[in-house]
Amino acid sequence: MRIVIVTLILMTLISCKKENDKQQNIEKTQTKKNNIDTIEISKKHKINKIKCDLDGDKLDETIEIVKSTKSGKSGLRIVFGNGKRTDFLGMGNDILNQGFDEIDWAGIFEKAPKNEIYWNNVNEEGEIISEGEIKESDKIKLLNDGIYIHAEESCGGGIIYLKNGKYEWIQQE
């Protein structure tokens, strides 16, 4: 009889412990789920996906305007054509030291074709400068495609491109 009672007590304790462990695992899973950032394709932008060859490997990258559910901010998801790399710009993180961390303002989103010549057309005082004021050495010929983002109704935007594997920015207005 003692053995039966001891066995019942042990089974009860083990059962309670398993239930407690199960509850703790559920709580950990819920905490992890709450901290996970879900990336969604932007529904705000009429054009939210382009393809272009940023790295010159003859495989198109897929660039999408996406939104982070965690920060609520938009940015770019860049999936490389070889499938080995995905980069994110924005979504609450500063974009190329330009003073903005999202791109909801971008009304124009398109490919900046390779072999075109671009330049920063805003000086350090924030004034727009003409092509005639730009030194030839300051002009940039894109060796590969870039990403052109621009505010539709107001002036402002730029071109994001890869130079030696690092993202660069050309200010446009």
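Residues numbered from 1 in each chain as written. Predicted model: local features only at pLDDT ≥ 70, side-chain atom pairs only at ≥ 80, totals over all residues. Heavy atoms only, no water.

Draft legend 1. Broad picture of a negative patch on the surface. A cluster of acidic residues, Glu124, Glu125, Glu127 and Glu133, forms a negative patch on the protein surface. Taking the relative accessible area as the measure of exposure, glutamate 133 reaches 55% and is therefore exposed. (Patch = residues over 30% accessible without salt bridge, like charges linked within 9 Å, V, L, I, M, F, W, Y side chains within 5 Å. Areas by Shrake-Rupley, 256 points an atom, 1.4 Å probe, with all protein chains shown as cover. Salt bridge = Lys/Arg side-chain N within 4 Å of Asp/Glu carboxyl O. Lys, Arg positive; Asp, Glu negative; His and termini not counted. Charge placed at Lys NZ, Arg CZ, Asp CG, Glu CD. Buried < 20%, exposed > 50% of the residue type's maximum accessible area, 1.4 Å probe, protein only.)

Draft legend 2. Quick peek at the confidence of the model for the chain. Scored by pLDDT, the chain comes out at a mean of 82, with 80% of its residues at no less than 70. Across residues 22–33, confidence stays below pLDDT 50; counting only partners more than four residues off in sequence or on other chains, it has zero contacts. (pLDDT = per-residue confidence, 0-100. Contact = heavy atoms within 4.5 Å.)

Draft legend 3. Representation of the pairing of strand E10 (residues 157–163) in the model. Counting buried residues along E10, six of its seven residues qualify, which places the element largely inside the surrounding structure. When strand E9 (residues 146–151) meets E10, the two strands line up antiparallel, connected through four bridges. Bridging from a neighbouring strand, tyrosine 148 pairs with isoleucine 159 of E10. Hairpin connection, E9 to E10: the antiparallel pair is bridged by five residues, and glycine 156 has positive phi, about 140°. Sheet topology places E10 next to strand E11 (residues 166–171); six bridges connect them, and they run antiparallel. Residue pairing in the sheet places leucine 162 in a bridge with tyrosine 167 of E11. With antiparallel pairing between neighbouring strands as the criterion, E10 and E11 make up a hairpin whose turn holds two residues, including asparagine 164 at a positive phi of roughly 55°. (Helix = DSSP H or I, 4+ residues; strand = E, 2+ residues; numbered from the N terminus. Pairing = 2+ DSSP bridges.)

Draft legend 4. Molecular detail of the pattern of salt bridges. Going through the model one piece at a time under the given rule, you end up with six salt bridges. A salt bridge links arginine 85 to aspartate 87; its shortest N-O distance comes to 2.8 Å. On the basis of relative accessibility, which here comes to 33%, the residue arginine 85 falls in the partly exposed class. Within the structure, one salt-bridge network assembled from shared partners comprises Glu131, Glu136 and Lys139.

Draft legend 5. Layout of the pairing of strand E4 (residues 74–79). For E4, a buried count of five out of six residues is recorded, marking the element as mostly surrounded by other parts of the structure. Here six bridges tie strand E3 (residues 61–68) to E4, and the two strands are oriented antiparallel to one another. By the bridge assignment for E4, glutamate 64 is matched with arginine 77. When E4 meets strand E5 (residues 86–90), the two strands line up antiparallel, connected through five bridges. Across the sheet, residue leucine 76 finds its bridge partner in E5, namely leucine 89. Where E4 hands over to E5, the hairpin turn is made up of six residues, of which glycine 83 adopts a positive phi near 75°.

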